[in-house]
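# Fold and contact review
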Amino acid sequence: MWWYRIERLVVLNAPHPGVFGSYLRRSPTQLVRSAYIGFFQLPWLPENVLGARNFQVLAAAMTRTNRPGTITDGDLAIYRQAWAQPGALTAMLNWYRALPWSVKQGLGRVQMPALVLWGTRDVALERGLAQDSVRLCEDGRLQWFEGASHFVQHEEPAAVGAALVGFLKR
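Now for a description of the structure that goes with this document. (Residues numbered from 1 in each chain as written. Predicted model: local features only at pLDDT ≥ 70, side-chain atom pairs only at ≥ 80, totals over all residues. Heavy atoms only, no water.)

### Things to note about the environment of tryptophan 118
For clarity, the threshold we go by: By the criteria applied, helices consist of DSSP H or I runs no shorter than four residues and strands consist of E runs no shorter than two, each listed in order from the N terminus. Note on definitions: a residue-residue contact is assigned when non-hydrogen atoms from the two residues lie within 4.5 Å.
Following the sequence through the fold, tryptophan 118 ends up in strand 2 (residues 114-119). Note: C-alpha distance between tryptophan 118 and alanine 130 (12 residues apart in sequence) is 7.1 Å. If we ignore the near neighbours within four places in the chain, the residues touching tryptophan 118 are Asn13, Ala14, Pro15, Leu125, Glu126, Arg127, Leu129, Ala130, Leu142, Gln143, Trp144 and Phe145.

Here it is in structure tokens:
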């Protein structure tokens, strides 16, 4: 597969943009979970809210949704430093702001081998999104991490690392 820019794809708790809209339309619970995306579409206000009080909202999201003790004060200090970089919050939000456009682009099937790693306790994204996403892969595999959250790489670093190495060496 020398002609692909990306030879293999690994995704951690993120749905294929092509399934997100249709899934929202048939899952009221996912629609509620995703309400924050509508807020993120606004100009400047989300940056101000997320940046307020030393990024308190973002820090709370990181600590409340993971297993207790997963994100340390030292980890949060590193995140805060990254979030404080000029343009960082806007860059983060632009991923969400691009979602409506990516769906309109009619993104198709994933051609390269793909591995989707997903925490079963993700508070933002339902499991069905992972399953629907893998169905859009020619050669896709889904690996669940029982009891892990949206930030599975923080809660299961050794297992995620092993899955990455095993898949990428394949």
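### Notes on the packing of helix 1 (residues 17-26) against helix 7 (residues 127-135)
Where we set the bar: Inter-axis angles, ranging from 0 to 180 degrees, are taken between N-to-C directions of lines fitted to C-alpha atoms, where helices are fitted over the stretch in contact. Put simply, angles under 35 degrees are roughly parallel, angles over 145 are roughly antiparallel, angles from 65 to 115 are roughly perpendicular, and the rest are oblique. Should the near helix be turned anticlockwise from the far one by less than a right angle, the crossing is left-handed, and should it be turned clockwise, the crossing is right-handed. Gly falls in the polar group here, along with every residue not listed as nonpolar (Ala, Val, Leu, Ile, Met, Phe, Trp, Tyr, Cys, Pro) or charged (Asp, Glu, Lys, Arg).
One way to put it is that helix 1 packs onto helix 7 with a least axis distance of 10 Å and a crossing angle of 140°. One way to sum up the angle between helix 1 and helix 7 is to call them oblique. Between helix 1 and helix 7 lies a crossing of right-handed hand. Listed contacts from helix 7 to Val19, Phe20, Tyr23 and Arg26 of helix 1 are Gly128, Leu129, Asp132 and Ser133. Per-class residue counts for the contact of helix 1 with helix 7 are 4 nonpolar, 2 polar and 2 charged.

### A look at the sheet that holds strand 3 (residues 140-145)
Applicable threshold: For two strands to count as paired, DSSP must find a minimum of two bridges between them.
Read from one edge to the other, the open sheet built from 3 strands follows the order 1-2-3, with strand pairing classed as parallel. Single-partner strands in this sheet number two, and they are strand 1 (9-12) and strand 3. Strand-to-strand twist in this sheet, taken as the mean axis angle between neighbours without regard to direction, amounts to 15°. Running at roughly 160° to strand 3, helix 7 makes contact with strand 2 and strand 3 of the sheet.

### With respect to the pairing of strand 3
So the rule is basically this: A crossover counts as right-handed when, viewed with the strands pointing away from the observer, the path leading from the first strand over the helix to the second turns clockwise.
Here strand 2 pairs with strand 3 via 6 bridges, running parallel. Looking at strand 3, one finds that valine 116 is bridged to leucine 142. Between the parallel pair strand 2 and strand 3, the chain is carried across by helix 7, and the sense of this crossover is right-handed.

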